[in-house]
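One letter stands for each residue in the lines below.
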Amino acid sequence: MLQKSAFFPGIQGPIVTIVMDGYGIAKSDVGSAIAAARKPTLDHLFANHPNITLRAHGTAVGMPSDEDMGNSEVGHNAIGAGQVYSQGASLVAEAIASGSIWQGAAWQQIIAGAKAGRGVIHFIGLFSDGNVHSHIDHLRAMILRANEEGVPVVRIHILIDGRDVPETSALEYVLPFEAFLAEVSRDGFDARIASGGGRMNITMDRYEANWSMVDKGWQTHVLGKGEQYESASAAVQALRVKFPGTIDQDLPAFVIASDGRPVGTIEDGDSVVFFNFRGDRSIEITRAFEEAGFDKFDRVRMPRVTYAGMLQYDGDLKLPKRFLVDPPAILDTMGEWFAKSGITQFACSETQKFGHVTYFWNGNRSNKFDGETYQEVSSDVVPFEQRPWMKAAEIADAMIEALQSGQYRTLRCNFANGDMVGHTGSFRAATMAIEAVDLQLARILPVVKALGGVALITADHGNADEMYEIDKKTRQPAQNPDGSFKAKTSHTLNPVPLILYDAVTGGKLGLRPLPGAGLSNIAATITHLLGFEKHAKWDESLLEVRQG
Ligand SMILES: O=C(O)[C@@H](CO)OP(=O)(O)O
Ligand SMILES: [Mn+2]
Ligand SMILES: [Mn+2]
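Residues numbered from 1 in each chain as written. Chains lettered and ligands numbered in written order. Predicted model: local features only at pLDDT ≥ 70, side-chain atom pairs only at ≥ 80, totals over all residues. Heavy atoms only, no water.

Trainee: Outline the side chain of glutamate 178, supporting the account with residue identities and numerical values.
Mentor: Following the sequence through the fold, glutamate 178 ends up in helix H8 (residues 170–184). The side chain of glutamate 178 is buried and forms no salt bridge, while arginine 192, the nearest opposite charge, is found at 7.9 Å. Only 3.1 Å separates the side chain of glutamate 178 from the backbone nitrogen of alanine 232, close enough to count as a polar contact. Apart from residues no more than four positions distant in its own chain, glutamate 178 is found in contact with Ile193, Ser231, Ala232 and Ser233. (Helix = DSSP H or I, 4+ residues; strand = E, 2+ residues; numbered from the N terminus. Buried < 20%, exposed > 50% of the residue type's maximum accessible area, 1.4 Å probe, protein only. Lys, Arg positive; Asp, Glu negative; His and termini not counted. Salt bridge = Lys/Arg side-chain N within 4 Å of Asp/Glu carboxyl O. Polar contact = N/O pair within 3.5 Å; in protein donor to acceptor, adjacent residues only side chain to side chain. Contact = heavy atoms within 4.5 Å.)

Trainee: Tell me what's going on with the coordination of the manganese ion (ligand 3), and back it up with residues and numbers.
Mentor: On the protein side, the manganese ion (ligand 3) has Asp419 (OD), Asp419 (OD), His423 (NE2) and His491 (NE2) as donor atoms, found 2.1 to 2.3 Å from it. We note that the donor set of the manganese ion (ligand 3) lies within a single chain, spaced as D-x3-H-x67-H. Separating the manganese ion (ligand 3) and the manganese ion (ligand 2) is a distance of 4.3 Å. In this pair, histidine 423 is assigned in the loop between helix H16 (417–422) and helix H17 (427–450) and histidine 491 in the loop between strand E14 (454–458) and strand E15 (496–502), connecting sequence segments 68 residues apart. Considered together, histidine 423 and histidine 491 belong to a single accessibility category, that of buried residues. (Donors = N, O, S within 2.8 Å, 3.2 Å for Na, K, Ca; no water.)

Trainee: Break down the coordination of the manganese ion (ligand 2) for me, citing the residues and quoting the values.
Mentor: Looking at the metal site, the manganese ion (ligand 2) is ligated by Asp21 (OD), Ser72 (OG), Asp460 (OD) and His461 (NE2), spaced 1.9 to 2.2 Å from it. Here the donor residues of the manganese ion (ligand 2) are spaced in sequence according to D-x50-S-x387-D-H. Residue classification places serine 72 among the buried residues on the basis of a relative accessible area of 1%. For histidine 461, a relative accessible area of 0% translates into the label buried.

Trainee: A description of the site of ligand 1 should follow, citing residues and the corresponding values.
Mentor: Of all residues adjacent to ligand 1, which total 17 residues, the nearest are Ser72, His133, Asp164, Arg206 and Arg281. In this structure, an oxygen atom belonging to ligand 1 sits 2.5 Å away from a side-chain N or O atom of serine 72. Histidine 133 is positioned such that a nitrogen or oxygen atom in its side chain is 2.7 Å from an oxygen atom of ligand 1. Its free accessible area being 310 Å², ligand 1 has 100% of it covered by the protein chains. Here the residues of the shell around ligand 1 are counted per class, giving one nonpolar, seven polar and nine charged. Residues from two domains meet in the shell around ligand 1; each of domain 1 (15–87 + 329–545) and domain 2 (89–309) gives at least three. (Near = heavy atom within 4 Å. Areas by Shrake-Rupley, 256 points an atom, 1.4 Å probe, with all protein chains shown as cover. Nonpolar A, V, L, I, M, F, W, Y, C, P; charged D, E, K, R; others polar. Domains from an automatic or database assignment.)

Trainee: Residues and numbers for the domain arrangement of the protein, please.
Mentor: Under the domain assignment used here, the protein contains domain 1 (15–87 + 329–545) and domain 2 (89–309). Inter-centroid distance (C-alpha atoms) of domain 1 to domain 2 is 32 Å. With 26 residues of domain 1 at the interface, the matching set in domain 2 holds 24 residues. Interface of domain 1 and domain 2: buried area, both sides summed, is about 2,000 Å²; carbon and sulfur atoms make up 51% of it. For the side of domain 1 that touches domain 2, the secondary-structure elements that each account for two or more residues are helix H3 (72–81), helix H13 (351–354) and helix H14 (356–360). A per-class count over the side of domain 1 that touches domain 2 returns nine nonpolar, 13 polar and four charged. (Buried area = accessible area lost by both parts, 1.4 Å probe.)

Trainee: Before we move on, could you go through the UniProt feature "domain: Metalloenzyme" (unreviewed entry) in the protein and cite the residues and values that matter?
Mentor: Taking the UniProt record as the reference, the feature "domain: Metalloenzyme" (unreviewed entry) is found at residues 14–534. For residues 14–534, the helix share is 34%, the strand share is 16%, and the end-to-end C-alpha distance is 18 Å. (UniProt positions renumbered as here; feature names shortened; annotations may be inferred.)

Given below as structure tokens:
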């Protein structure tokens, strides 16, 4: 049990946490869809309620360096755990630097499995240096090591990014990598890219939003079915011409073939490494490789392979069984300790972010704690720039109903809009995304007030706050040769807001701007509002209570 707070008796009504995914505080209004949006509710909150900024990127959320932007996994982990753990990106880089990854049983089984079979290791994963789901340097290190350990054939299946890196940067990764593979492919070693496609088109679905993406990925990587090209760079170039305006993340699937035969189908006896360290978008393809009674699509054939993930992606489901690096052991989360203290919890989002407020929030665990209720609103499967409002209204409906039920002491939700629409690179749609969230805040907050509760409004990282690539020299939006602005589809390095919506104490509550405060300070702040002391391991509360 958490101890009752001697410092503050707690708010009588519900304590609500609202995460506006992808809402950062930009240094300048140039290129900010947030600055351009009409958002009277948020403007009023910033002007009239206590608010501070929180760090949401780099080491403040367990990334290797402060050059690393934040993301949903590390952001929600930090919020939910109240502590900062070294995250997958850091843990894998360290395991490679120290060589401990090669000593692990999983890597040795990958090598031994391949050698006992046809001598082939396949690497599948997100092909960039975005460091959100993966890093190309990790892939490079594994290929070199496989060669050193005498595995003769390596095949790489690339998921083209353009979402954590510039939107049409694929060739900046593919061309040097093809040169690298050509250079190492000698003395009987043969390493080639075998298939690929845009990450939002194949393989990397999440939260079961659209299994057909994984089906397409399976056909491409495993069965070698699809449009054939002679190399990945040829494929990207041809697809750019064939589908003008299509950004990298949406590129169609392609198969690399020689004399009409795919160069790297996945067969019995091969080893397969899924080299993403982040879990949400790795779970479905992992299930397709590991699950005996799998029924989400017709696999046609299921090769008997030695399969490993870069990390374990789900600690409750033990997915995958074999993994190269231990994931962060995220313990003593807010969800767990609230459950132990009899505090009822409600969590809601739409499919695209549902796992963010449940699985990531609870330290990458998919099982509920006692007293938790989850509600998922089904996301549409559409390009989100066409529907920037997404399911914000339905999430607000669910939150209002849950609030009015009186069953929950604390509630949380995530609005996907700023992030999912921000990732499309459409400035106009992103302003509407922010406006949609603003409109729903205007519905939820009066209900919180009427019930005598308070709300914390925050975000997990930036995105819609910078919709154009900024030219480093001029500090103005960078332009394409045709004069249009270069869209920026990735997250940002900006801090995020923490607003305390308190319309019930007559202004007694404030937020203290603790130097270096970040997302991991939110858990203790919520706990204080509930009238409890934080867990000893959690970072400090930011709540200020004025006496009198
Ligand atoms: O879409 C995703 O997978 C990431 C970006 O790679 O975004 P977020 O961290 O906000 O989920
Ligand atoms: Mn996010
Ligand atoms: Mn995102």
